[in-house]
Amino acid sequence: MQLERIRLKTFGCFQQRDFELQDGINLIFGPNFSGKSTLVNAIFFTLTGKPIVPRVDTSAIKNAKAYSGTAGLQFIVDGERYQLYRATGKRIQLRSEKNGAWQIVFDENRVRVTETLLQERFGIMHEQLALTTFLREGEIFEFLARQSTSRRDILHTLLGIDRLIEVRERFIDTRRIAKREQGRIRAHQNSLRFNAQNVDQTELERIEEKLKGLEAAYGAETGDTALIAEWLQHQERLQKRLDMLTHEQNAVLSGFNDVAHLREMITKIETGIQEAAGLEKKREELIQQIGSLESQIAALTHVCDTLRTLIESDEQHCPTCYQKVEREVVQQIIDEKENEKSQRRAELDTHKQSLDTETENLKNRRELEHRLQTFRGLLTRFEQHSGEIAEIQNELRDLTTRLMERGIQKGKELSSETPMGLDKPKLKAQIDQERKRLDQLKQQEAVRLDRLGALQRVNRDAAKVEKTLLSLELACAGVDKTIETLQRQILKPAEEELHHWLEKMELFSISRGSGGQTRVDLQRQHLLPSLTIDGVDRSLMLLSGSEKMFLYLCFKVALAKVLGNPGFFVFDDPTLHLDEERKALMVDFISQLAEEHQVVVTSYDEDVRSGLAGANLIEMTREA
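Residues numbered from 1 in each chain as written. Predicted model: local features only at pLDDT ≥ 70, side-chain atom pairs only at ≥ 80, totals over all residues. Heavy atoms only, no water.

> When you look at the overall build of the chain in this model, what are you seeing that I'm missing?
Each helix and strand counted, the chain has 16 helices and 14 strands in total. When burial is assessed residue by residue, the chain has 40% of its 624 residues classed as buried. Considering only contacts in the chain between residues 6 or more positions apart, those separated by 24 or more positions represent 72%. Total accessible area computed for the chain in this model is approximately 35,400 Å², and 49% of it derives from carbon and sulfur atoms. (Helix = DSSP H or I, 4+ residues; strand = E, 2+ residues; numbered from the N terminus. Buried < 20%, exposed > 50% of the residue type's maximum accessible area, 1.4 Å probe, protein only. Contact = heavy atoms within 4.5 Å. Areas by Shrake-Rupley, 256 points an atom, 1.4 Å probe, with all protein chains shown as cover.)

> Would you take a moment to explain the environment of Pro 574 for this structure?
Along the chain, the position of Pro 574 falls in the loop between β12 (568-572) and α15 (580-594). As for Pro 574 and Ile 140, which are separated by 434 residues in sequence, their C-alpha atoms are 7.1 Å apart. Beyond its immediate stretch of four places on either side in the chain, Pro 574 contacts Leu 135, Met 586, Ile 590, Val 601 and Thr 602.

> Help me understand the sheet that holds strand β8 (residues 134-135) in this model?
Neighbouring strands of a sheet are bound in pairs by backbone hydrogen bonds; such pairs are parallel or else antiparallel. With respect to topology, 5 strands assemble into an open sheet ordered β8-β12-β13-β3-β14, the strand pairing being parallel. Two strands close off the open sheet at either side, each with one partner strand: β8 and β14 (616-619). Here β8 runs beside β12; their pairing, made up of 2 bridges, is parallel. Bridging across to β12, Leu 135 finds its partner in Phe 571. (Pairing = 2+ DSSP bridges.)

> It is not clear to me how the packing of helix α1 (residues 36-48) against helix α3 (residues 126-133) should be interpreted in this structure. Could you clarify?
Angle between the axes and distance between the axes: these two values describe a pair of packed helices. Following both chains from N to C, one finds α1 and α3 inclined at 150°, their axes separated by 9 Å at the closest point. Taken together, the axes of α1 and α3 lie roughly antiparallel to each other. The interaxial crossing formed by α1 with α3 has right-handed handedness. Residue-level inspection shows Phe 44, Leu 47 and Thr 48 of α1 in contact with α3, the latter providing His 126, Leu 129 and Ala 130. Residues belonging to the contact of α1 with α3 are distributed by class as follows: 4 nonpolar, 2 polar and no charged. (Axes fitted to C-alpha atoms, helices over the stretch in contact; angles between N-to-C directions. Parallel < 35°, antiparallel > 145°, perpendicular 65-115°, else oblique. Left-handed = near helix turned anticlockwise from the far one by under 90°. Nonpolar A, V, L, I, M, F, W, Y, C, P; charged D, E, K, R; others polar.)

> For this particular structure, what's the right way to read the environment of Ala 346?
Tracing the chain through its elements places Ala 346 in helix α11 (residues 327-405). Take Ala 346: its relative accessible area is 42%, and that puts it in the partly exposed class.

> Sorry, what's going on with the pattern of salt bridges here?
Should the charged atoms of two oppositely charged side chains come close, the side chains can pair. Using the criterion set out here, one finds 25 salt bridges in the structure. For Glu 338, the salt bridge goes to Lys 341, with nearest N and O atoms at 3.5 Å. Remark: Lys 341 and Glu 338 occur in helix α11; sequence separation between them is 3 residues, near one turn of the helix. Each member of the pair, Glu 338 as well as Lys 341, is classed as buried. Across the pair Arg 609 and Glu 619 runs a salt bridge whose closest N-O atoms are separated by 3.2 Å. Note that Arg 609 is positioned in helix α16 (residues 606-611) and Glu 619 in strand β14, a separation of 10 residues in sequence. (Salt bridge = Lys/Arg side-chain N within 4 Å of Asp/Glu carboxyl O.)

> Mind showing me how you'd approach the packing of aromatic side chains here?
To describe a pair of aromatic rings, you give the distance between the ring centres and the angle between the ring planes. Counted by the stated rule, this structure contains 7 aromatic pairs. Aromatic side chains Phe 11 and Phe 45 sit 5.8 Å apart centroid to centroid with 35° between the ring planes, which places their arrangement in the tilted category. Residue Phe 11 is found in strand β1 (residues 2-11), and its partner Phe 45 is found in helix α1; the two are separated by 34 residues along the sequence. As far as burial versus exposure is concerned, Phe 11 and Phe 45 are alike and both buried. Site record: aromatic cluster; members linked through ring pairs are Phe 44, Phe 134 and Phe 568. A cation sits over an aromatic face here: Arg 609 above Phe 29, 5.0 Å from the ring centre. (Phe/Tyr/Trp six-rings, centres within 6.5 Å; stacked < 30°, edge-to-face > 60°. Lys NZ or Arg CZ within 6 Å of the ring centre and 35° of its normal.)

> Which parts of the structure should I look at to understand the confidence of the model for the chain?
Residue-level pLDDT values for the chain average 77, and 79% of them are 70 or greater. With pLDDT under 50 throughout, residues 413-423 is counted as low confidence; its partners more than four residues away or in other chains account for 11 contacts. Taken as a whole, residues 510-515 scores under 50 in pLDDT and shows 10 contacts with residues more than four places along the chain or in a different chain. (pLDDT = per-residue confidence, 0-100.)

> Before we go on, may I ask you to explain unusual backbone geometry in this structure?
Although it is not a glycine, Thr 10 adopts a positive phi angle of roughly 45°. The residue Thr 10 is located in strand β1 in this model. Judged by relative accessible area, which is 12%, Thr 10 ranks as buried. The backbone of Phe 33 sits at a positive phi, close to 65°, despite the residue not being glycine. Look at Phe 33 and you get partly exposed, because its relative accessible area is 47%.

> I'm lost on the side chain of Gln 182 in this one. Help?
Within the secondary structure layout, Gln 182 lies in helix α6 (residues 161-195). Among the polar contacts listed, one links the side chain of Gln 182 to the side chain of Glu 466, at a separation of 2.4 Å. Setting aside its immediate chain neighbours within four residues, Gln 182 contacts Val 465, Glu 466 and Leu 469. (Polar contact = N/O pair within 3.5 Å; in protein donor to acceptor, adjacent residues only side chain to side chain.)

> Please explain the packing of α3 against helix α14 (residues 545-563) as it appears in this structure.
Between α3 and α14, the least distance of the axes is 8 Å, while the angle of their chain directions is 140°. By the angle class used here, α3 and α14 are oblique. Across the interface between the two elements, Gln 128, Ala 130, Leu 131 and Thr 132 of α3 pack against Lys 556, Leu 559, Ala 560 and Leu 563 of α14. Residues of the contact of α3 with α14, tallied by class, amount to 5 nonpolar, 2 polar and 1 charged.

> Help me out: how do you make sense of helix α9 (residues 259-275) in this one?
The periodicity of an α-helix, 3.6 residues per turn, causes residues three or four places apart in sequence to face the same way. Helix length check: α9, at 17 residues, gives a terminal C-alpha distance of 24 Å against a target of 24 Å (1.5 Å per residue), a fit within 8%. When we look at burial in α9, the residues that qualify are Val 259, Leu 262, Ile 266, Ile 269 and Ile 273. Taken down its axis, α9 places every buried residue within 85° of arc, on the same side. Seen from the buried face of α9, the exposed residues on the opposite side, beyond 90 degrees, are Lys 268, Gln 274 and Glu 275. (Expected span 1.5 Å × (residues − 1). Arc of directions from axis to C-beta.)

Take a look at the structure:
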């Protein structure tokens, strides 16, 4: 990809202007506040849809007085000429030149669709461009200013391998928690299996059969009088239990027409909760946006205060860049920043109102969840009572049938006449004992069934944990495989390209005053890069500032070659905060890089201008 023209409309400090670019070196030269970094931002934003400075909203790069800003690029890819335009309002348009006329290839405002199309057609990816193609303002200084303890190695800075390691560590921590949960569930399983031993069904059947025989014998010996009396007593107990359960069931349905009405209310509440799904995520997004806006407002306030201090002081030159302070220009910048701050405050108030609304909605949803839990409990109690009522009704029907077989009608009193001399206390005591034993066994069976249900639920939980552990094992293996693939497909070719640039720049021969063989092993010690000079290992952290700086730049160029550089590099004020020696080395590096690639450089330094003589010069002024 060769860049030919930058086109801006209400973008940054520009109302409407075009800038022509050529192959080789393009030097954008001018004083501070003249818009040099705006051009770099325009190139990056047009290609990726994001500002080059991390965590900055796209609305911050448009003209403060305009509703939206537009940046465009004209470029050549594989002999075909294209124009790509992107607005801060998220609309993007791609044109291609056919027979001297421009035709629209696509015109979209769907971000994912357009980014996919650009990636497929031109290989444009945000992270890759930021990593390899662009050197944003102050990036070199930030890198050199880091402490050795926090800058563990250069390669991690460029490849972001730390993120892969962090992901793997999170998977390992989660797997550790899952294994603890698995141990707890297994212990619970063992206790439930012990308590859920099957009751001997044969013993139940034997006792029931024996009880029937005893009752028949007792009835035969007593002329059925005592047995019938016991049946009637049992019928009365069952009827009282039935009345009590019916009353409780009616109390459960208090406030509802019937059980269908209760189920309908549960369904409505479940639907309402489903419709309110995602409130937590939306609320968290609002909180993050509010935090971002508050940070932006604080940053704008700081900038305005700093600029006011500058124009109110007696200093004639900026203490940072040593440029002459033009108070009218600085005041204009302050006014623009104040307007922008007002817009951010309005957005902040709107977001806070939305946050209050979403908080209230979340509170209402939680109340619905509480009501749903209450109604489900009522429905469960109703269904339990219905099952027990059905059992009692069946038993009452059996008793009624037995009584009717002996001529006892429902509601009829049993005659108090009992044959004399037929006292069978032992037989009655045995019947009572067997019935008590039968009740105990049935109670044990009910407990067993309950334990069995709990065991089945725990088994399902154990299966879920097993599945989670398997997924985590696969995830860890996948991360390890990714790191291995990164080593094989990126790091090894990057080593060769890095050595090419180290040899071309004669980087380490400069520091030693003589030639020699320098090798960088990117795959040694678990992705910690190793530097070997003339067969002797040397710590990367002990390199000089110049060596670190150019090793960093050579890494970027090498990775750009391996990852697929679009064909150009953009350096925004690369000599910022550098001394004279490093400036000269940087100019030499840019000149060597321009032999193979198109390079766009911004600077206000006269030494850079003279060092890059012959470059396509784009002069910037504050009046522009």
